[in-house]
Amino acid sequence: MSDVPRPATHQLLALAAAARPDWSTDHLRDVIAQARCRDFTWGRLLVAVAQLIADPEAEPPDLLAGSPDAWRYRPRPAPDTAHRGAAAARAALHNTDTD
């Protein structure tokens, strides 16, 4: 199914509030929103927050330290890029003209 896993931010915030009463839920919510703007997938966000919850020294802003730097970020190629490349390779293989 393409609709799973579903983001469950409310439940993640509830877990963090129960496990880390020393954290501000509002602060964590803001940090999660910033992470989502930095292209964290739900899965990556879930794992990163869980790791922070388990670390007694961690604070919510530590989540953003794991985000990719903008200059290092490489956008994913369009889905048809591989198909166009394969088509070009097939065309080159079938072209037997030698000038």
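Calculation criteria
- Once a new chain begins, its residue numbering starts again from 1 and follows that chain's sequence as written.
- With the structure being a predicted model, the display of local features is reserved for residues of pLDDT at least 70 and the display and counting of side-chain atom pairs for 80 or more, all residues being used for whole-chain, interface and lining totals.
- The basis for the side-chain values is all heavy atoms of the structure; hydrogens and waters are excluded.
- Numbering of helices and strands starts at the N terminus; helices are DSSP runs of H or I of at least 4 residues and strands are runs of E of at least 2.
- Working definition: with a 1.4 Å probe on protein chains only, accessible area under 20% of the residue-type maximum means buried, over 50% means exposed, and in between means partly exposed.
- Contacts between residues were defined by any pair of non-hydrogen atoms, one from each residue, lying within 4.5 Å.
- A 1.4 Å probe and the Shrake-Rupley method give the accessible areas. Residues count as covered only by the protein chains that appear here.
- Under this scheme, a helix contributes an axis fitted over its contacting stretch, all axes are lines through C-alpha atoms, and angles between N-to-C directions fall in the 0 to 180 degree range.
- When an angle is under 35 degrees it counts as roughly parallel; over 145 it counts as roughly antiparallel; between 65 and 115 it counts as roughly perpendicular; any other value is oblique.
- Crossings are assigned a handedness: left-handed for a near helix turned anticlockwise from the far helix by less than a right angle, right-handed for a clockwise turn.
- Residues were grouped as follows: Ala, Val, Leu, Ile, Met, Phe, Trp, Tyr, Cys and Pro as nonpolar; Asp, Glu, Lys and Arg as charged; and all remaining residues, including Gly, as polar.
- Comment: arc refers to directions from the helix axis out to C-beta atoms.
- Definition of nonpolar core: a set of buried residues of the types Ala, Val, Leu, Ile, Met, Phe, Trp, Tyr and Cys, connected through side-chain atoms within 4.5 Å.
- Any carboxyl oxygen of Asp or Glu within 4 Å of a side-chain nitrogen of Lys or Arg constitutes a salt bridge here.

## Quick look at the overall build of the protein
Next, step 1: Counting its secondary structure elements, the protein contains five helices and zero strands.
Next, step 2: Listing the helices and strands of the protein from first to last along the sequence gives α-α-α-α-α.
Next, step 3: With 99 residues in all, the protein has 21% of them scored as buried.
Next, step 4: Counting only contacts in the protein whose residues sit at least 6 apart along the sequence, the fraction spanning at least 24 positions is 60%.
Next, step 5: Counting only carbon and sulfur atoms, one obtains 57% of the accessible surface of the protein, whose full area is about 7,500 Å².

## Digging into the packing of helix α1 (residues 9–19) against helix α2 (residues 25–37)
Next, step 1: Running from amino to carboxyl end, α1 crosses α2 at an angle of 140°, the nearest separation of the two axes being 10 Å. Taken together, α1 and α2 sit at an angle that is classed as oblique. Of the two possible hands of crossing, α1 and α2 adopt the one that is right-handed. Of α2, the residues touching α1 (which contributes Thr9, Leu12, Leu13, Ala16 and Ala17) are Thr25, Leu28, Arg29 and Ile32.
Next, step 2: Considering only residue class, the contact of α1 with α2 consists of six nonpolar, two polar and one charged.

## Considering α1
Next, step 1: Buried within α1 we find Leu12, Leu13 and Ala16. Across the axial projection of α1, the buried residues extend over an arc of 100°, all falling on one side. In this structure, α1 carries His10, Gln11 and Ala18 as exposed residues pointing more than 90 degrees from its buried face.
Next, step 2: Contacts made by the buried residues of α1 are with α2 and α3 (42–54).

## Concerning the nonpolar core
One broad rule of soluble globular proteins: the nonpolar side chains tend to lie buried together.
Next, step 1: With 18 residues, the main nonpolar core has Trp23, Leu28, Ile32, Ala35, Leu45, Val49 and Leu63 as its most contacted residues.
Next, step 2: For this core, the secondary-structure elements that each account for two or more residues are α1, α2, α3 and α4 (62–65).
Next, step 3: Ignoring sequence-local partners within four residues, the contact set of Trp23 consists of Ala16, Leu28, Leu52, Ile53, Ala58, Glu59 and Pro60.

## A few points about the pattern of salt bridges
Next, step 1: Applying the stated criterion across every chain, the model contains two salt bridges.
Next, step 2: In this structure, Asp22 and Arg20 form a salt bridge, with 2.8 Å as the shortest nitrogen-oxygen distance.
Next, step 3: Owing to a relative accessible area of 6%, Arg20 belongs among the buried residues under this scheme.
Next, step 4: The shortest N-O distance in the salt bridge between Asp26 and Arg29 comes to 2.7 Å. Note that Asp26 and Arg29 are positioned in helix α2 at a spacing of three residues, about one turn of the helix.
Next, step 5: Among the residues examined, Asp26 registers a relative accessible area of 48% and is labelled partly exposed.

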